[in-house]
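Listed here are the chains, written in short residue letters.
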Amino acid sequence: MNSTESRAYFSTFQLKFIALICMVFDHAGQFFPEIMPQWFRYIGRISAPLFLFCLVWGIDYTRNRFYYLLRIYCASLGMEVLWTVLNYFLPYSGAEHNNIFTTFFNIGVLITLVSLVRRKMLKKIYAILFLVVWQLSSTLLILLIYYKNLQEWTHFVGALSGNFFVCEGGIMWVSLGIILYCIKNTQIKLFSGYSIFCLFCSLCSLTAPLARAMYFLEFFTNIDQTVIWQILEIIYVLILGNAWYFTPVVPHGLYFGDYQWMMIAALPFMMLYNRKRGCKIKTFFYLFYPIHILIFLLISRFLIILQ
């Protein structure tokens, strides 16, 4: 054990526990925005990056990667079945759709492809071809659902087909998972790589470059009257998960109105990872995640009924 590892304090179990506590704060703020203070969502920015960090280490440590991914895939589909049933009986009007398992599965498959290419068990061209065909076919299927006005099935089909764009966090979180996998072994790379990613996300979130580009094209050109505009709108929805709208940057809202930059607070915990598993709670998170979502949603619907 080197000097860096000897000064590390957190095992995988401890990091997952910290992420889980932050997740509960975040979801409490999500489902009860009028009751809970906004700083609950600030704490929640730590959760997803820590879970992704544990995932990219765990997928290397697992004895059977196939069953590991299969377990995540089944959890993803199970979560979507739960959401489908809940939305049928208790419609949820929130903008967020919680199913981090879909993101885990997509990242896991990508990491597996990268590993196979690195070990020369799969040619790079075949990996790229598989990736393109997989994502292109699933994206076309999802667009067909949009065309048929069956938007309520988008996330279920996305989980079933493993689509990058409609999973929780979208292509940005999938990209973060791959970045963490590539830089996790070196402290300097982890510090610089994750910091740059957080800075990039913050700049994109605060300046809204895609929305500004769409605004310019729609109001200062005639492109909105062509099929190109429809294609651009589809691309925008796939990247950001919703139809485009333009919101001017408000100076007083830069720091706490848009708080995604607070995900940088997960970095110290990552840097103090000791590469030990700690306590084994393999099934706990798979059960806790859907159960606490179910409880929060039921309570929030009950409070609405009381009003």
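It should be noted that the structure appears before, not after, this text.
Residues numbered from 1 in each chain as written. Predicted model: local features only at pLDDT ≥ 70, side-chain atom pairs only at ≥ 80, totals over all residues. Heavy atoms only, no water.

### Considering the overall build of the protein chain
Rules: For helices the rule is a DSSP run of H or I covering at least 4 residues; for strands it is a run of E covering at least 2, with both sets numbered from the N terminus onward. For every residue, the accessible area obtained with a 1.4 Å probe (protein chains only) is divided by the maximum for its type, and the residue is called buried under 20%, exposed over 50%, and partly exposed between those limits. In this analysis, two residues are considered to be in contact whenever any of their non-hydrogen atoms come within 4.5 Å of each other. Residue burial considers only the protein chains on display, and all accessible areas are found by Shrake-Rupley using a 1.4 Å probe.
Across its full length, the protein chain holds 14 helices and zero strands. In sequence order, the secondary structure elements of the protein chain are arranged as α-α-α-α-α-α-α-α-α-α-α-α-α-α. The proportion of buried residues among the 307 residues of the protein chain is 41%. Counting only contacts in the protein chain whose residues sit at least 6 apart along the sequence, the fraction spanning at least 24 positions is 76%. If you sum the accessible surface of the protein chain, you get close to 17400 Å²; carbon and sulfur atoms cover 70% of it.

### Details of the nonpolar core
Applied cut-off: Definition used in this section: a nonpolar core is a set of buried Ala, Val, Leu, Ile, Met, Phe, Trp, Tyr and Cys residues joined via side-chain atoms within 4.5 Å.
If you look at the biggest cluster of nonpolar residues, it comprises 66 residues, and the most contacted ones within it are F101, F104, L180, Y194 and F285. For this core, the secondary-structure elements that each account for two or more residues are helix 2 (12-31), helix 4 (47-61), helix 5 (65-89), helix 6 (100-118), helix 9 (170-183), helix 10 (187-207), helix 13 (267-271) and helix 14 (284-306). Once you skip the residues sitting within four places of it in the chain, F101 turns out to touch I72, A75, S76, M79, F285, Y286 and Y289. In this structure, A211, M214, W229 and Y236 belong to the second largest nonpolar core, which totals five residues.

### Focus on the packing of helix 4 against helix 9
Put simply, the rule is: For helices, the fitted axis covers only the stretch in contact; all axes are lines through C-alpha atoms, and the angles between them, taken along N-to-C directions, range from 0 to 180 degrees. Here the word oblique covers every angle except those under 35 degrees (roughly parallel), over 145 (roughly antiparallel) and from 65 to 115 (roughly perpendicular). Here a crossing is taken to be left-handed if its near helix is turned anticlockwise relative to the far helix by less than a right angle, and right-handed if that turn runs clockwise. Note that Gly is not counted as nonpolar here; it falls among the polar residues with everything else outside the nonpolar set of Ala, Val, Leu, Ile, Met, Phe, Trp, Tyr, Cys and Pro and the charged set of Asp, Glu, Lys and Arg.
Where helix 4 meets helix 9, the axes come as close as 9 Å, and the angle between the chain directions of the two elements is 50°. On the basis of their axis angle, the class for helix 4 and helix 9 is oblique. For helix 4 against helix 9, the interelement crossing comes out right-handed. For the pair formed by helix 4 and helix 9, the contact residues are A48, P49, L52, F53, V56, I59 and D60 on the first element and W173, L176, G177, L180 and Y181 on the second. Counted by class, the contact of helix 4 with helix 9 contains ten nonpolar, one polar and one charged residues.

### Side note on the packing of aromatic side chains
How we decide: Ring pairs are drawn from Phe, Tyr and Trp, using the six-membered ring of Trp, whenever the two centres fall within 6.5 Å, and their geometry is named by plane angle: stacked under 30 degrees, edge-to-face over 60, tilted for the rest. Charge over a ring is defined by NZ of Lys or CZ of Arg lying within 6 Å of the ring centre and within 35 degrees of the ring normal.
Following the criterion strictly, the structure yields 25 aromatic pairs and no others. Centre to centre, the rings of F25 and W39 are 6.2 Å apart; their planes meet at 35°, and the pair counts as tilted. Highlighted residues: F25 in helix 2 and W39 in helix 3 (residues 39-44), separated in sequence by 14 residues. Consider the rings of F51 and F285, whose centres lie 4.8 Å apart with planes at 40°: the pair is tilted. A residue pair is termed long-range when its members are at least 10 positions apart, and F51 in helix 4 and F285 in helix 14 qualify at 234 residues. Like F285, F51 is buried. Members of the aromatic cluster, connected to one another through ring pairs, are F51, F101, F104, F285, Y286 and Y289. Positioned above the aromatic ring of W57 is the side chain of K184, whose terminal nitrogen or guanidinium carbon lies 3.8 Å from the ring centre.

### Here's the deal with the pattern of salt bridges
This is how it is decided: By convention in these notes, a salt bridge is any Lys or Arg side-chain nitrogen within 4 Å of a carboxyl oxygen on Asp or Glu.
All chains considered together, the criterion is met by four salt bridges. Residue R45 pairs with D26 through a salt bridge whose shortest N-O separation is 2.3 Å. Separated by 19 residues along the polypeptide, R45 in the loop between helix 3 and helix 4 and D26 in helix 2 bring together distant segments of the chain. The two residues R45 and D26 agree in class, both being buried.

### Focus on a positive patch on the surface
As a reminder of what qualifies: Here a patch means residues that are over 30% exposed by relative accessible area and free of salt bridges, tied together within 9 Å if like-charged and within 5 Å if nonpolar (Val, Leu, Ile, Met, Phe, Trp, Tyr). None of His or the chain ends enter the tally, which takes Lys and Arg as positive and Asp and Glu as negative. Here the site of a charge means NZ on Lys, CZ on Arg, CG on Asp, or CD on Glu.
Positive charge collects at one region of the surface, where K16, R63, R277, K280 and K282 lie side by side. Checked against the element boundaries, K280 lands in the loop between helix 13 and helix 14.

### Some details on the side chain of T102
What counts is decided by this rule: Here a polar contact means two N or O atoms within 3.5 Å. Within protein one must be a hydrogen donor candidate and the other an acceptor candidate, and residues neighboring in sequence count only if both atoms are side-chain atoms.
Within the fold, T102 resides in helix 6. Take T102: its relative accessible area is 6%, and that puts it in the buried class. Reaching out from T102, the side chain makes a polar contact with the backbone nitrogen of E168 at a distance of 3.5 Å.

### Here's the deal with the environment of T84
As for its placement among the helices and strands, T84 is situated in helix 5. When neighbours within four sequence positions are excluded, T84 is seen to be in contact with W153 and F156. Within the structure, T84 has its side chain in polar contact with the backbone oxygen of E80 (distance 2.8 Å).

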